[in-house]
Amino acid sequence: MKQVPKPNTDEDLIQAFLDKGGEVKKGKTKPMPEGLGLSNNQWGNTLTKEEKAARKAVEAAAKTEAKTSK
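Quick caveat: nothing in here was measured; it's all calculated off a predicted structure. (Residues numbered from 1 in each chain as written. Predicted model: local features only at pLDDT ≥ 70, side-chain atom pairs only at ≥ 80, totals over all residues. Heavy atoms only, no water.)

## Considerations on the overall build of the protein
Within the protein, the regular secondary structure consists of two helices and zero strands. The buried share of the protein, reckoned over its 70 residues, is 3%. When the accessible surface of the protein is totalled, it reaches about 7400 Å², and 56% of it is carbon and sulfur. (Helix = DSSP H or I, 4+ residues; strand = E, 2+ residues; numbered from the N terminus. Buried < 20%, exposed > 50% of the residue type's maximum accessible area, 1.4 Å probe, protein only. Areas by Shrake-Rupley, 256 points an atom, 1.4 Å probe, with all protein chains shown as cover.)

Here is the structure:
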C-alpha cells in the first residue's frame, strides 16, 4: 500500500483560530508536591522518612552555603 504523507495544516489551523479572535495565553501549572519521587521507577511514590530527612539536610546545607558566600 502506498503511503502518502498528509500536508501539515497546523499553521493554517492556528491562523484561522487567531483570525476568529482567539488568543494564545501561557498556562499556569502547579508545582509538584515535594514528597513525590522523580525517577522512572519511583514516579508517584512518596518519599520515605529517611529520604525526606536527607533532602532537608541537603537543602539546609545549600541555604547556609548561599548565605556564607554572599
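## A few points about a nonpolar patch on the surface
Together, Ile14, Phe17, Leu18 and Val24 line one region of the surface with nonpolar side chains, adding up to about 390 Å² of accessible area. In this fold, Val24 is placed in the loop between helix H1 (10–19) and helix H2 (49–69). (Patch = residues over 30% accessible without salt bridge, like charges linked within 9 Å, V, L, I, M, F, W, Y side chains within 5 Å. Salt bridge = Lys/Arg side-chain N within 4 Å of Asp/Glu carboxyl O.)

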